[in-house]
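Residue-level listing of the chains:
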Amino acid sequence: MARYHRRRELEEKGNWRHALVFNSLLLILAVLSVRVLVNAYSTQSLDGSLDAEAREETRREIDQAFETIVPDGVPSRAYWAEQIANELALRDFSAARGYLLAAPAMLSRNDRRALLAAVNAEESGTEDERLTRAGLLFLPNEVRADYQRAVERPGMLYSEQDESSSRTTGFPNPATGQSPTDLATEGPSEGRTEQVEPEPSLDAPSAGFSMIGSRADLVRRSQQWVNGETTDTLQLRLSAIGLIEVANGEAEPALLTAISVLRAAGRAGRLDDAYTVYLDERVDLALPEEELLDQLAGVVSAVVPSSVRQSQVLGAYEDALNAEGLLRLRRDLASIAHIAAETTPAGAVTLIELARSPEDVRKLEVVAQSGSDRAVALAKAIGPRVTELAQIGVRWSTSLVLQILGLVAIFAALIWSIAAAFHRMQSSRWQ
């Protein structure tokens, strides 16, 4: 009898051991499956592309938001034209164009019908270009003339030639509405200790907006940092990363634009404190501050020709680079580059200043991809609430459906296994 009970105990222990292993495996599979589903819903999975459904949903949210910003009792066309005139006066041509593109959502029903008829009568250009030209017809003559003088050029709109001349001459860029110096200096001036210098074209990419800086400026600021003077090391290291990319001949225009946007926003004091802390942590992973300072201390004090010193200082930054940290930073810069590509560099600054976290930046990326310059105008109208308009959606695929079915099966098996084990335990107690 004792032998029978002993054998029974061993069988029960074996059953419990097998059940424990089985349940553990099921639980691990369930956790992995849940993680896949979370990634399907999460903004973290964005890679710069956006499916059509998410784009359309976000666009509808943007249009609905524009419909609500016209005050009650105010003629919609007059209010719409006033906003465009105000943005032109502020030289924010990205926002002005955004309001033009938002005309179908902001104007009255009759005006909307006439506007869409004018758009359909246009035969050349993209949908946004045709909408812009049609929207100009509904502006007062003075506002229309101001817009055309400021923004349009014969045969080209937002041309690279105009962007390049803006960078080298310092005059405003028709596409961005601002020169690099304008972007860096606008905003509150209190507490700003460093003056913005025109960016030389020697170390800049051949075309496009650039605030990467020059090697000479990098050396000067590095010397100040080594000497213990107050230095914005975040700005300094971002500039160094851009210059290293240019020196190695591997500079991607989108990456340099993203760095330029961050430097412009940072210099103007237009970055949120929380996002600045996050960005500083990311940059520190790519270029560790303590290690970099040690590297620079050994080269900035050497008595050598200026060109040699510049190469040595840039080499010290490159030696301190962390490849894995730089890869992580590139992911953040990619989102900012997408925002600038869908709007303008100046528009990207307007949007980025609303971000408090990397998740906010990715949501702003979705809004920019869905609304282009509309996102800039709306951001100025409703502020941080613009991030709530991003509709990420779920990227449905055969693989995702199978994973969901597998997850359901796993949880069913897990519940069955627990119930069976509990039933056996109850049965053994009665015997």
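Relevant structure appears above.
Residues numbered from 1 in each chain as written. Predicted model: local features only at pLDDT ≥ 70, side-chain atom pairs only at ≥ 80, totals over all residues. Heavy atoms only, no water.

Draft legend 1. Region of interest: the overall build of the chain. Of the regular secondary structure elements, the chain holds 21 helices and zero strands. Sequence-distant contacts in the chain: of pairs separated by 6 or more residues, those separated by 24 or more amount to 74%. If you sum the accessible surface of the chain, you get close to 22000 Å²; carbon and sulfur atoms cover 53% of it. (Helix = DSSP H or I, 4+ residues; strand = E, 2+ residues; numbered from the N terminus. Contact = heavy atoms within 4.5 Å. Areas by Shrake-Rupley, 256 points an atom, 1.4 Å probe, with all protein chains shown as cover.)

Draft legend 2. Inspection of the packing of helix α12 (residues 233-247) against helix α14 (residues 273-286) at higher detail. The N-to-C vectors of α12 and α14 enclose an angle of 45°; their axes lie 10 Å apart at closest approach. Judged by the angle between their axes, α12 and α14 are oblique. Crossing angle aside, the handedness with which α12 passes α14 is left-handed. Residues L234, R237 and L238 of α12 form the contact with α14, whose participating residues are T276, L279, D280, V283 and D284. Residues belonging to the contact of α12 with α14 are distributed by class as follows: four nonpolar, one polar and three charged. (Axes fitted to C-alpha atoms, helices over the stretch in contact; angles between N-to-C directions. Parallel < 35°, antiparallel > 145°, perpendicular 65-115°, else oblique. Left-handed = near helix turned anticlockwise from the far one by under 90°. Nonpolar A, V, L, I, M, F, W, Y, C, P; charged D, E, K, R; others polar.)

Draft legend 3. Representation of the packing of aromatic side chains. Applying the stated criterion across every chain, the model contains two aromatic pairs. Ring geometry for F66 and Y99: centres 6.2 Å apart, planes at 70°, overall edge-to-face. On the criterion of sequence distance, the pair formed by F66 in helix α2 (residues 52-68) and Y99 in helix α4 (residues 93-101) is long-range, its members being 33 residues apart. Owing to a relative accessible area of 3%, Y99 belongs among the buried residues under this scheme. (Phe/Tyr/Trp six-rings, centres within 6.5 Å; stacked < 30°, edge-to-face > 60°. Buried < 20%, exposed > 50% of the residue type's maximum accessible area, 1.4 Å probe, protein only.)

Draft legend 4. Structural context of the packing of helix α3 (residues 76-89) against α4. For the pair α3 and α4, interaxial distance at closest approach is 8 Å and the crossing angle is 165°. The orientation of α3 relative to α4 falls into the category roughly antiparallel. Like other packed secondary-structure pairs, α3 and α4 cross with a definite hand, here left-handed. Mapping the contact onto sequence places W80, Q83, I84, E87 and L88 in α3 and F93, A95, A96, Y99 and L100 in α4.

Draft legend 5. Examining the nonpolar core more closely. In terms of nonpolar packing, the biggest core is built from 96 residues, with F66, W80 and Y317 touching the most fellow members. It is helix α13 (residues 253-267) that provides the largest number of residues to this core, a total of eight residues. (Core = buried A, V, L, I, M, F, W, Y, C linked by side-chain atoms within 4.5 Å.)

Draft legend 6. Focus on unusual backbone geometry. One non-glycine residue with positive phi stands out, namely R91, at about 65°. Within the secondary structure, R91 is located in the loop between α3 and α4. We classify R91 as partly exposed; its relative accessible area is 30%.

Draft legend 7. Layout of helix α16 (residues 306-319). In this model, α16 (14 residues) spans 20 Å end to end at C-alpha, consistent with the 20 Å of a helix rising 1.5 Å per residue. The set of residues buried in α16 consists of R309, V313, L314, A316 and Y317. Taken end-on, α16 shows its buried residues confined to a sector of 150°, consistent with a single buried face. Counted as exposed and oriented over 90 degrees from the buried face of α16: S307 and D319. At its buried positions, α16 is contacted by α11 (215-226), α12 and α15 (289-297). (Expected span 1.5 Å × (residues − 1). Arc of directions from axis to C-beta.)

Just distances and angles here, no functional claims.
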